[in-house]
Number of protein chains: 2
Amino acid sequence: MKIGELSARSGVSIRSLRYYEEQGLLSPLRHQNGYREYSPFAEEQVRTIQFYLSLGLTTQQISSFLHCVLKNEEAFCQEVLPIYQQKLAEIHEQIQLLESIKSNLEDRIRFILDERESNTKEK
Amino acid sequence: MKIGELSARSGVSIRSLRYYEEQGLLSPLRHQNGYREYSPFAEEQVRTIQFYLSLGLTTQQISSFLHCVLKNEEAFCQEVLPIYQQKLAEIHEQIQLLESIKSNLEDRIRFILDERESNTKEK
DNA sequence: CTTGACCCTCACACCAATGTCACAGTTTAT
DNA sequence: ATAAACTGTGACATTGGTGTGAGGGTCAAG
């Protein structure tokens, strides 16, 4: 199938499909006219890529194990676990930061509301 | 004081001080030679800016209320509360997203480890 | 007067996936 | 045959605070 069809089937923009190829995640054949020809498996492959992207992995990380996970169980691919663990640590750190900002904001919002209330009563 | 001193006192890079000015957060006087002259209050002002930035606010948001909070109690400045609330909502959303990724990663890590273990026992 | 330490402005780089043009060739349908 | 619908490459924009460097004034101490 050609790129437009793959895009329609997978819901991923043509731009992104070309980008994935540039990053080594897809390797469609080429027709003599230069058009990309994707195998029927490409659709699932694209969904797999999208899934890993949704976990916050970069195309570079994905490219390091995609060839393996497409042919095997994920658990079989040694490269995956350390990347997951590293990503989990990053996520954890980001959550910590956001939680601390959240507390800070909540405190200050509460303070402002309290302040307003006491000023209202005061009068 | 000149920019180098303010930078040293506040711990904020010269580059950032100039950027804050460009964004309307600081308005130092200028000497005839073009050098910026900061008042002694600038140090606290810069710390205030840094604090709001650490809450994840943009310079644009900060500029909308900085003039007020520098002269009044924060609770007095009407512009602050809606910005805090909006920011809190964003943070909340981001945390939700990260938490869902985190669960996903944890599940998959657990699965991989389980898989390895059962394969080990199997043999 | 010269050296070194400041200061100035302007501008590109960054991070990374995606959107969006511009411009051009190909195929398909009318 | 011509227009519409695809496809190709290339390149810039996005986000926003900060780093960094070029190229050039200013000033104080030796």
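Each remark here, short or long, concerns the structure printed above.
As a starting point, this report considers the structure included with it. In this text, all values refer to a predicted model and were calculated from it rather than measured experimentally.

Notes on the packing of helix H1 (residues 3-10) of chain B against helix H3 (residues 42-54) of chain B
Residues and elements named next belong to chain B.
Working step 1: Remark: H1 packs on H3, axes separated minimally by 10 Å, with the N-to-C direction vectors making an angle of 55°. Considering the angle they form, H1 stands oblique to H3. As H1 packs across H3, the resulting crossing turns out to be right-handed. For the pair H1 and H3, the contacting residues are Leu 6, Arg 9 and Ser 10 in the first and Ala 42, Glu 43, Val 46 and Arg 47 in the second.
Working step 2: Its residues placed into classes, the contact of H1 with H3 shows three nonpolar, one polar and three charged.

Topic: the relation of the copies chain A and chain B
Working step 1: Taken as rigid bodies, chain A and chain B are interconverted by a rotation of 180° and an axial shift of 0.0 Å, the fit giving an RMSD of 0.0 Å. Here the two chains are linked by the operation of a two-fold rotation axis. Relative to the rotation axis, the closest C-alpha in chain A is found at Ile 95 of chain A, a distance of 3.1 Å.
Working step 2: The fraction of interface residues of chain A whose copies in chain B are also interface residues reaches 100%, indicating that both copies meet through the same surface.

What counts as what
Residues numbered from 1 in each chain as written. Chains lettered and ligands numbered in written order. Predicted model: local features only at pLDDT ≥ 70, side-chain atom pairs only at ≥ 80, totals over all residues. Heavy atoms only, no water. Axes fitted to C-alpha atoms, helices over the stretch in contact; angles between N-to-C directions. Helix = DSSP H or I, 4+ residues; strand = E, 2+ residues; numbered from the N terminus. Parallel < 35°, antiparallel > 145°, perpendicular 65-115°, else oblique. Left-handed = near helix turned anticlockwise from the far one by under 90°. Contact = heavy atoms within 4.5 Å. Nonpolar A, V, L, I, M, F, W, Y, C, P; charged D, E, K, R; others polar. Least-squares fit on C-alpha atoms with pLDDT ≥ 70 in both.

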